[in-house]
Amino acid sequence: MILSSASDLFDPGTWSVPVDSVLVAAAILGIAVAIALVAHRIAFGMIRRATAHGPGKYGQPIFDAVRAPSRWLAVAVAISAAAERLPMIRPVWDALSQFVAPVILGWLALEFVRGASIAHERRMETRLDPMHMRSRKTRIEIFRRTASSLIIVITLALVLLSIPGVRQVGVTLMASAGLAALAIGAAAQPALKSLIAGIQMALTEPIRLGDMVVVDGVTGRVEEIRMTFVVVRVWDERVLVVPTGKFFEESFENWSRSADRLTGVVMLNLDPIADVPPIRQAFLDFLADHPLWDRRDAAALVVEAHPESIALRLSMTAASIGEAWDLRCAVREYMLQWLRENQPVALIRHRLEVEAANERAD
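Conventions and cut-offs
Residues numbered from 1 in each chain as written. Predicted model: local features only at pLDDT ≥ 70, side-chain atom pairs only at ≥ 80, totals over all residues. Heavy atoms only, no water. Helix = DSSP H or I, 4+ residues; strand = E, 2+ residues; numbered from the N terminus. Buried < 20%, exposed > 50% of the residue type's maximum accessible area, 1.4 Å probe, protein only. Contact = heavy atoms within 4.5 Å. Areas by Shrake-Rupley, 256 points an atom, 1.4 Å probe, with all protein chains shown as cover. Salt bridge = Lys/Arg side-chain N within 4 Å of Asp/Glu carboxyl O. Axes fitted to C-alpha atoms, helices over the stretch in contact; angles between N-to-C directions. Parallel < 35°, antiparallel > 145°, perpendicular 65-115°, else oblique. Left-handed = near helix turned anticlockwise from the far one by under 90°. Nonpolar A, V, L, I, M, F, W, Y, C, P; charged D, E, K, R; others polar. Pairing = 2+ DSSP bridges. Polar contact = N/O pair within 3.5 Å; in protein donor to acceptor, adjacent residues only side chain to side chain. Core = buried A, V, L, I, M, F, W, Y, C linked by side-chain atoms within 4.5 Å.

A. Layout of the overall build of the protein. From N to C terminus, the protein includes 10 helices and eight strands. Buried residues in the protein amount to 32% of all 362 residues. Looking at the protein alone, contacts between residues at least 24 apart form 64% of all its contacts between residues at least 6 apart. Accessible surface, the protein as shown: approximately 22,200 Å² in total, 64% of it carbon and sulfur.

Okay, here's the thing in structure tokens:
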């Protein structure tokens, strides 16, 4: 078949190949694709039934993830096999396969990484406690994003290198390697820094998904860890976006680094005339009846004393950070009410003394 222009492709009069040969080639190509699809469907059906129960069930997310790209891979293999026996379509397929093959293989690798991460998380959920599960999930998420980024970059590079013009540009740039290396190094420095910080975070784990952290005076829970930034959800539904490198360059607080338990503190500023033992006993009696106290520790200590006031620190423990917060609020409200009803002289009385002085002056 000899074509003088693109429009000749749609003119049957310019075809040098008989129509019967075209129909035969199309039939062979269709049969090959149909056989590949049927074989793919049968193979995945058998795999699903074989892994429906027992330890193999954890591999189902992988098979579900690679089902679509593997279907297209089977079609590509069928077309390639048919092209070997059909000289009519071989040149066209040889040109297209340079783009199709990297895309399908990259898609397959990308879905495999995603499915493997999901399968690993499901398997760990039945074996690890919540604290270790958060640690493992953080590592899986960071490595999944790193692997996905590398797969995408490599796939795009293979596709672009298949274009002759782009390949020639690459050869030309290599001739001026000195300036090109400096420019690329300067431009890629932030990306490489973020990539290294993300990998370092997965290995050292200064933070994990679900950790309660304090960054720049703002308290929130780590909701998402990406290669370039970390998403921290604040209690009032605000979202704090923090660069990944900030967790290595600056100090921050992690309230749930070793455990999700936290000691809550309530500070009471009282008059020096306050009788501390009854206040301490009221605090301990309240904790004994409160369901949020986990009974690990409780104390009421005078930590500061000044001529005009004393500082009474009430400390208590709870099973989680959220429960510790609620317990602190409940203790603070109860102790203020108890002081007003049982020991009002313990409250700071600067305002009352000024009023009394004004009355005496009148």
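B. Seen up close, the pattern of salt bridges. Tallied over the full model, the rule gives eight salt bridges. Glu-224 is the salt-bridge partner of Arg-145, the closest N and O atoms lying 3.3 Å from each other. Of this pair, Arg-145 sits in helix H4 (residues 130–161) while Glu-224 sits in strand E2 (residues 218–225); the two residues are 79 residues apart in sequence, bridging distant segments of the chain. Of the residues examined, Glu-224 reaches a relative accessible area of 23% and is grouped as partly exposed. Between Glu-223 and Arg-233 there is a salt bridge; the shortest N-O distance is 3.1 Å. With a gap of 10 residues between them, Glu-223 in strand E2 and Arg-233 in strand E3 (residues 229–234) connect regions that are remote in the sequence. The class of Glu-223 is partly exposed, set by a relative accessible area of 41%. Where salt bridges share partners, they join Asp-216, Lys-246 and Glu-250 into one cluster.

C. Geometry of the packing of helix H2 (residues 60–85) against helix H3 (residues 90–125). As a packed pair, H2 and H3 sit with axes 8 Å apart at the nearest point and diverge in direction by 160°. With respect to H3, the axis of H2 lies roughly antiparallel. The hand of the H2/H3 crossing is left-handed.

D. Structural view of the packing of helix H8 (residues 276–288) against helix H9 (residues 321–342). The geometry of H8 relative to H9 is characterised by a closest axis approach of 11 Å and an angle of 135° between their N-to-C directions. The orientation of H8 with respect to H9, classified from their angle, is oblique. Where H8 crosses over H9, the handedness of that crossing is right-handed. From H8, Pro-278, Ile-279, Ala-282, Phe-283, Phe-286 and Leu-287 reach across to H9, where they touch Leu-327, Ala-330, Val-331, Tyr-334, Met-335, Trp-338 and Leu-339. Residues belonging to the contact of H8 with H9 are distributed by class as follows: 13 nonpolar, no polar and no charged.

E. Structural view of the environment of Val-303. Note on placement: Val-303 falls in strand E7 (residues 293–305). Considered as a pair, Val-303 and Leu-314 are 11 residues apart in the sequence and their alpha carbons are 10.0 Å apart. Those residues in contact with Val-303 that lie beyond four places of it in its chain are Met-267, Ala-311 and Arg-313.

F. The arrangement of the pairing of E3 in detail. Across five bridges, the pairing between E2 and E3 is antiparallel. Its bridge partner being in E3, Val-222 is matched across the sheet by Val-232. Taking the residues between adjacent antiparallel strands as the criterion, E2 and E3 are bridged by three residues. Where E3 lies against strand E4 (residues 239–243), five bridges are found, and the strand directions are antiparallel. Looking at E4, one finds that Phe-229 is bridged to Pro-243. Between E3 and E4, which pair antiparallel in sequence order, lie four residues; one of them, Glu-237, sits at a positive phi of approximately 75°.

G. Representation of unusual backbone geometry in the model. Positive phi, normally seen in glycine, also occurs at Asp-216, with a value near 55°. Position of Asp-216 relative to the elements: it lies in the loop between strand E1 (212–215) and E2. Accessibility expressed as a relative area gives 62% for Asp-216, which makes it exposed. Unusually for a residue other than glycine, Glu-237 sits at a positive phi of about 75°. Tracing the backbone through its elements, the reader meets Glu-237 in the loop between E3 and E4. In this structure Glu-237 comes out as exposed when scored by relative accessible area, which is 57%.

H. Local environment of the side chain of Ser-320. With respect to the helices and strands, Ser-320 occurs in the loop between strand E8 (310–318) and H9. What makes Ser-320 buried here is its relative accessible area of 18%. Among the polar contacts listed, one links the side chain of Ser-320 to the backbone nitrogen of Glu-323, at a separation of 3.3 Å.

I. Summary view of the nonpolar core. Core analysis: the largest hydrophobic core is formed by 22 residues, its most contacted members being Leu-270, Ile-279, Phe-283, Leu-312, Leu-314, Met-316 and Val-331. Only strand E6 (262–270), H8, E7, E8 and H9 provide two or more residues apiece to this core. It is H8 that provides the largest number of residues to this core, a total of six residues. Met-316 has contacts with Leu-262, Thr-263, Gly-264, Val-266, Phe-283, Leu-287, Asp-297, Ala-298, Leu-327, Arg-328 and Val-331, leaving out every residue within four places of it along the chain. Core analysis: the next-biggest nonpolar cluster, separate from the first, contains 13 residues, Met-201, Val-215, Val-230 and Phe-247 among them.

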